[in-house]
Amino acid sequence: MDAREIRSPELLPETSPVSLEATVESHRRKRLGIYFLESDDRRTALGGGYTSGATPVNIHGKPISEVTISKTGGWIAAFFIFGNEMAERMAYFGLSVNMVAFMFYVMHRPFESSANAVNNFLGISQASSVLGGFLADAYLGRYWTIAIFTTIYLAGLTGITLCATMNTLMPNQDKCDQLALLLGNCEPAKPWQMLYLYTVLYITGFGAAGIRPCVSSFGADQFDERSRDYKEHLDSHRWGNRAFTAVVYIQMKHGWGSAFGSLAIAMGMSNLVFFLGTPLYRHRLPGGSPLTRVAQVLVAAFRKRNVSFQNSEFVGLYELPGQRSAIKGSSKIPHTEDFRCLDKAALRLKEDGVNPSPWRLCTVTQVEEIKILLKLVPIPACTIMLNLILTEYLTLSVQQAYTLNTHMGHLKLPVTCMPVFPGLSIFLLLSLYYSVFVPLSRRITGHPHGASQLQRVGIGLAVSILSVAWAGMFERYRRNYAIEQGYEASFLTPMPDLSAYWLLIQYCLIGIAEVFCIVGLLEFLYEEAPDAMRSIGSAYAAVAGGLGCFAATILNNIVKSVTGDVEKRKPSWLSQNVNTGRFDYFYWLLTVMSVINFCAFLLAAHRYRYRAKQVNEIREQASIQPSTKDHVVP
C-alpha cells in the first residue's frame, strides 16, 4: 500500500530536518490533526470513496450536467414539495387541536387520558423522525423516504376518517348530552374501538417520520448552496409553508367524518402534486449508513482505549488523500481537539496492517462526524422545554376556553379553534420577522440575518418564559373569577363576561418564541450538521419536539399523582374541572422550569463554536505552526 504521512489539509512551509523529531513529538501532543495518514487503497465501510461531494443528481443517481441543471430545482421544484408539507402541517394541527375534543365528546374519554393520547401522537410524529432521517441518509434518499411515508400518513388519516364516520367504530351516542358528559354517564368506547383509534392515530404519527426530517432538507436541496441567496431561500422555504386548518369549522357544519376526511383529501392531493414534480427535483446521493459509521467509531475507539498517542507504534491519524472523502455525499472535515478519546478510532498503528477493518480504523472525517453530532446535542435539547409548553397549550387551553366567551362580535368561534391561534400568530409574525426584524437588526449588528442562529434560539426561549408566565397570571384571574361568579362546578359552561381572547396574548408570545427559536434551530442544525447527515441533523429538532410531547405526558402524570388524592377527594392541579384545579400553579411550575432551561442554554451556547469559525481557527493556527517535510511511513 502506498502510504505517506502528510500535513493536511493546507500546504505548509518547509522546516529544516534537524527539528523534525522534536516537532513531530510536539505536534502529536498539542494538535493531533496536523498529521494524517492517507492511503489510496483501503476497504472502507461504504466500499469506496465518493469524489463528487455534494453534486446534485437526478432520480436515477446520475450527476446533473451544467447544461440541464438550470431546468431543475429552484422555486418551481420547491412549490411541489411545499404542497406536501402544507398538507402534513394541516393534518398535524388539525388532529392535535381536535382529537382531544373528539375523544371526549364522541369516544367519551376523560380529558386527561385524551390529552395524553394526543401528546403521544405528537411525540411519535416527531421523535420517529430519527428513523426517517436515517433511512434518507443511509439508503433511500430524501425523495423516496418522503414518497413512502407520506403514503403511510394518508393511510392513517383514512383510518381516522372511517372511525369518525362508521357507527360500528364509535360508542352509542344516545342520551349523551352535556349533563351526561359532566357526570360521566355516557357509554364509554369499547376497548377494541379505542385500540383501533389508537392504532390508526399512531400510524398517522409514524407516517410523519419520513416527512418532518426530509421535506425541509429536500426543499433546501433545490437551491444552489453557492448562491448568495441560498440561505434566504432556505429560511423562506422552511417557514413560508405554514398552513392553518379550517377543520374545526367543517366539524361544526358537517361533523367529525367530514372534518377528518378533509385532511385525508388534502394529503392525497398533496401526494399527487409531489409525484408530479418528480422530473424537476434535484437529489443528493445517500451517504451510507450514518448509524453504522457512528458504531464503527465507537467500537474502534473502544478497542484502542488503552493506546497512548505517544506510543512507539503510533503512525498517524488516518485520512484519505487529496480532496476525496470515504463518505458519499460528504467533503473532508478538518480535525479538531474536542472529544480526543474518539480520535483513537483514527489512530493508525503498525499492527493495523495494510488493509485494516473499518471497525478497527476509521478516517478522521468519520470521527469528526460523530464529534459534530455530539456537540450539536445540547442546543436542541434546550428546546425540549419550549416544545413541552407548546404541547401543554394545545390541550390545557382547550379546557380553559370551554369556560370563556369565544364570541367575536356576532361570530362565535368553536372552542377547538383556539389552539390554532399560535400557528396563526406564527404566520403573521413571519412576515414581520423578515420585513422588519431582520433589516433593522442587520443595521445594528451587521449580521446578514440580523442575529446569529444561537442568538435567535435564545430570544425564542426568553420569550417563551414571558408567555407561560402570562398564562399563569391570567389563569389565576380566570379561576378566581369563575369561583366568584358561581361557575366552580360548571367547567363546560362559558362565562359571558370573560373573553377567551385574553388567551391570545400567551398565543402571540409563544408564536414569537417559535419563530425565533425553531427557525434559528433548523438553520443551525442544517448548516452545522455533517454533509452526509443533514437529515439526521434536522431530525434533532423533531426529536426535541417529540421528547417535549412525551415529557408533557410524564409531567402531567407526576403532577396528578403528587397534587391529587382520590381518597380524600382532593383534586389535582390538572383536574378535569379546570375551575377546581390549579392550572395557574402548573403554569408557574413551567415558568420556573423554563428559567432553569434558559440558563442551561446560555451555558451551552457560550461554549459552542460554529464549524466555519472553528475551521478558520485551525487553519490560522496551522499556518503559524512550524512544519516538517512529508516523509514516507514504512
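Residues numbered from 1 in each chain as written. Predicted model: local features only at pLDDT ≥ 70, side-chain atom pairs only at ≥ 80, totals over all residues. Heavy atoms only, no water.

Participant: How do you make sense of helix α14 (residues 384-401) when you look at a structure like this?
Facilitator: Taking 1.5 Å as the rise per residue, α14 with 18 residues should run 26 Å; its terminal C-alpha atoms sit 25 Å apart, in good agreement. Of all bends in α14, the biggest is about 30°, found at Y393. For α14, the buried fraction is high: 17 of the 18 residues fall into the buried class. (Helix = DSSP H or I, 4+ residues; strand = E, 2+ residues; numbered from the N terminus. Expected span 1.5 Å × (residues − 1). Bend = angle between axes of the 7 residues up to and from the residue. Buried < 20%, exposed > 50% of the residue type's maximum accessible area, 1.4 Å probe, protein only.)

Participant: Honestly, the packing of helix α4 (residues 129-165) against helix α6 (residues 191-207) in this entry has me stumped. Any pointers?
Facilitator: Between two packed helices, both the angle of their axes relative to each other and the distance between the axes serve to describe the pair. Two elements in contact, α4 and α6, have axes separated by 6 Å at closest approach and are oriented at 150°. Considering the angle they form, α4 stands roughly antiparallel to α6. α6 is crossed by α4, and the crossing has left-handed handedness. Facing α4, whose interface residues are L131, F149, T150, I152, Y153, G156, L157, G159, I160, L162 and C163, α6 presents Y196, L197, V200, L201, I203, T204, F206 and G207. When grouped by side-chain class, the residues that make up the contact of α4 with α6 number 14 nonpolar, five polar and no charged. (Axes fitted to C-alpha atoms, helices over the stretch in contact; angles between N-to-C directions. Parallel < 35°, antiparallel > 145°, perpendicular 65-115°, else oblique. Left-handed = near helix turned anticlockwise from the far one by under 90°. Contact = heavy atoms within 4.5 Å. Nonpolar A, V, L, I, M, F, W, Y, C, P; charged D, E, K, R; others polar.)

Participant: Just checking my understanding: could you explain empty space enclosed by the protein for this structure?
Facilitator: Unfilled space is identified by rolling a water-sized probe across the atoms. One pass over the full model with this rule turns up seven cavities of 30 Å³ or more. Volume-wise, the second largest cavity comes out at about 120 Å³. Together, 13 residues line the second largest cavity, and E112, L396, Q399, N556 and L574 are the ones closest to its centre. Secondary structure elements with two or more residues in the lining of the second largest cavity: α3 (111-127), α14 and α18 (534-563). (1 Å grid on protein atoms, 1.4 Å probe; cavity = no way out; pocket = protein on both sides within 12 Å on 5 of 7 lines; lining within 4 Å. Points joined across faces, edges and corners; volume = space filled by probe spheres on them.)

Participant: I'm lost on the packing of α4 against helix α7 (residues 212-221) in this one. Help?
Facilitator: The N-to-C vectors of α4 and α7 enclose an angle of 45°; their axes lie 9 Å apart at closest approach. The pairing of α4 with α7 is recorded here as oblique in orientation. In the crossing of α4 with α7, the sense of the turn from one axis to the other is right-handed. Between α4 and α7, the contacting residues are S129, G132, G133, A136, R142, Y143, T145 and I146 on the first element and R212, P213, C214, V215, S217, F218 and D221 on the second.

Participant: Even after reading the chapter, I still don't get the packing of aromatic side chains, so can you show me in this structure?
Facilitator: Scanning the model with the defined rule gives 22 aromatic pairs in all. Ring geometry for W573 and Y585: centres 5.5 Å apart, planes at 70°, overall edge-to-face. Of this pair, W573 sits in the loop between α18 and α19 (583-607) while Y585 is found in helix α19, placing the two residues twelve residues apart along the sequence. When its relative accessible area of 25% is taken as the criterion, W573 is described as partly exposed. Geometry around F302 places R305 over its ring, the cationic atom sitting 4.0 Å from the centre. Lying over the aromatic face of Y585, R582 brings its terminal NZ or CZ to 4.0 Å of the ring centre. (Phe/Tyr/Trp six-rings, centres within 6.5 Å; stacked < 30°, edge-to-face > 60°. Lys NZ or Arg CZ within 6 Å of the ring centre and 35° of its normal.)

Participant: Just to check I follow, could you spell out the nonpolar core for this structure?
Facilitator: Across soluble globular proteins, you tend to see nonpolar side chains buried next to one another. By size, the foremost hydrophobic cluster in this structure holds 117 residues, and its most contacted members are M99, F102, L197 and F260. Counting 18 residues, the second-largest nonpolar core is a separate cluster that includes A300, V307, C362 and V364. (Core = buried A, V, L, I, M, F, W, Y, C linked by side-chain atoms within 4.5 Å.)

Participant: Can you walk me through the state of the cysteines in this structure?
Facilitator: The term disulfide refers to a covalent linkage connecting the sulfur atoms of a pair of cysteines. This model, assessed by the stated rule, comprises one disulfide. C176 shares a disulfide with C186; S-S distance 1.9 Å. Handedness here is read from the sign of the S-S torsion; for C176 and C186, about 100°, the answer is right-handed. Placement of C176 in the loop between α4 and α5 (178-183) and of C186 in the loop between α5 and α6 is noted, with a sequence separation of ten residues between them. Just so you know, C517 is unpaired, no disulfide at all, and the nearest cysteine sulfur is the one on C382, 9.4 Å from it. By relative accessible area, C517 is classed as buried at 0%. (Disulfide = S-S within 2.5 Å.)

Participant: Help me out: how do you make sense of the confidence of the model for the chain in this one?
Facilitator: Should the pLDDT be low somewhere, the predicted coordinates at that spot are not to be read in detail. Predicted confidence across the chain gives a mean pLDDT of 76, with 77% of residues reaching 70 or more. Ranking the elements of the chain by mean pLDDT puts strand β9 (residues 631-632) last, at 32, and α19 first, at 95. This model gives residues 627-634 a pLDDT under 50, and the stretch forms 23 contacts once residues within four places in sequence are excluded. (pLDDT = per-residue confidence, 0-100.)

Participant: Honestly, unusual backbone geometry in this entry has me stumped. Any pointers?
Facilitator: Working note: non-glycine residues mostly have negative phi, and peptide bonds are mostly trans. Backbone geometry places H108, a non-glycine residue, at a positive phi of 60°. Structurally, H108 is set in the loop between α2 (74-105) and α3. With a relative accessible area of 11%, H108 lands in the buried category. One non-glycine residue, F339, lies in the positive phi region at around 45°. Its location among the elements puts F339 in the loop between β3 (314-318) and β4 (347-349). Relative accessible area serves as the criterion here: at 36%, F339 is assigned to the partly exposed category.

Participant: Sorry if this is basic, but what is going on with the environment of E514 here?
Facilitator: Note that E514 resides in helix α17 (residues 503-528). Spatially, the C-alpha atoms of E514 and V463 are 9.0 Å apart, while their sequence positions differ by 51 residues.

Participant: Would you explain the pattern of salt bridges in this entry?
Facilitator: Between side chains of opposite charge, pairing is possible as soon as their charged atoms come close. Within the structure shown, the criterion is met by eleven salt bridges. The shortest N-O distance in the salt bridge between R478 and E475 comes to 2.9 Å. Taken together, the positions of R478 and E475, both in helix α16 (residues 453-484) and three residues apart, correspond to about one turn of that helix. E475 matches R478 in its accessibility class, with the two residues each being buried. Bridged by salt links that share partners, the residues D338, K375 and R609 form one connected network. (Salt bridge = Lys/Arg side-chain N within 4 Å of Asp/Glu carboxyl O.)

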